[in-house]
Amino acid sequence: MSTSAPHRPLTTAEVIDRFNQVFQQHDPSGLAALVADDCVMEGVSPAPDGSRVEGAEDCVRFWAELATDAANTFEIEDVLVAGELSVIRWRFVFGSGDKDYVRCVNVMRVENGLITEACGYAKTA
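Residues numbered from 1 in each chain as written. Predicted model: local features only at pLDDT ≥ 70, side-chain atom pairs only at ≥ 80, totals over all residues. Heavy atoms only, no water.

Explanation requested: the overall build of the protein in the structure shown.
Within the protein, the secondary structure is distributed over 2 helices and 6 strands. Reading the helices (α) and strands (β) of the protein from amino to carboxyl end gives α-β-β-α-β-β-β-β. A compact globule built from 125 residues should have a C-alpha radius of gyration of about 14 Å, and the protein, at 15 Å, falls within 12% of that. Projected onto the principal axes, the alpha-carbon positions of the protein cover approximately 60 × 25 × 25 Å. When each of the 125 residues of the protein is scored for burial, the buried share is 34%. (Helix = DSSP H or I, 4+ residues; strand = E, 2+ residues; numbered from the N terminus. Rg over C-alpha atoms; globule rule 2.2 N^0.38 Å. Buried < 20%, exposed > 50% of the residue type's maximum accessible area, 1.4 Å probe, protein only.)

Given below as structure tokens:
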């Protein structure tokens with residue numbers, strides 16, 4: 001009789017690393033496996049509160065659209081993980097000029113190996 005090791009949920013750091021890879025590689029194929037059914041996401045715009053997206057299917061669709069836009073890049077500046085929470089500092093680069101970017105922060109919550117909450121913030125004019 002074969003026994004297998006019990007499945008261990010991904011850690012917050014592992015989930016966030018895989019999430020960031022989606023945007024670095026412009027490949028959202030693994031995204032759905034990282035998002036909880038009841039995930040809630042708030043985008044960076046429109047001000048003052050950003051768009052609100054609820055549910056795994058809609059969150060994955062939103063992020064996949066961003067990730068597959070090869071004209072834009074996401075440059076990770078720093079990642080901080082503390083328990084269920086993660087803070088990701090990044091630059092959204094949308095052109096080739098010296099000022100064609102905006103600096104942003106995502107605050108994300110990971111529970112049982114899945115993203116349950118994500119709030120995006122950006123420095124804008």
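What should I look at first to understand helix 2 (residues 56–67) in this one?
An α-helix turns once every 3.6 residues. As a result, residues three or four positions apart point the same way. Its 12 residues place the ends of helix 2 16 Å apart at the C-alpha level, agreeing with the 16 Å of an ideal helix rising 1.5 Å per residue. Check the buried side of helix 2 and you find it contacts helix 1 (12–25), strand 1 (35–42), strand 2 (52–54), strand 5 (101–111) and strand 6 (114–122). (Expected span 1.5 Å × (residues − 1). Contact = heavy atoms within 4.5 Å.)

Help me out: how do you make sense of unusual backbone geometry in this one?
Residues apart from glycine generally show negative phi values, whereas peptide bonds are mostly found in trans. Here S45 and P46 are connected by a cis peptide whose omega angle stands at 0°. Between A47 and P48 the backbone carries a cis peptide bond, its omega angle lying at 5°. Within the fold, P48 resides in the loop between strand 1 and strand 2. Backbone geometry places H26, a non-glycine residue, at a positive phi of 55°. Inspection of the secondary structure puts H26 in the loop between helix 1 and strand 1. For N112, which is not glycine, the phi dihedral falls at a positive 50°. Turning to its location among the elements, N112 is positioned in the loop between strand 5 and strand 6. On the accessibility criterion, N112 (70% relative accessible area) is exposed.

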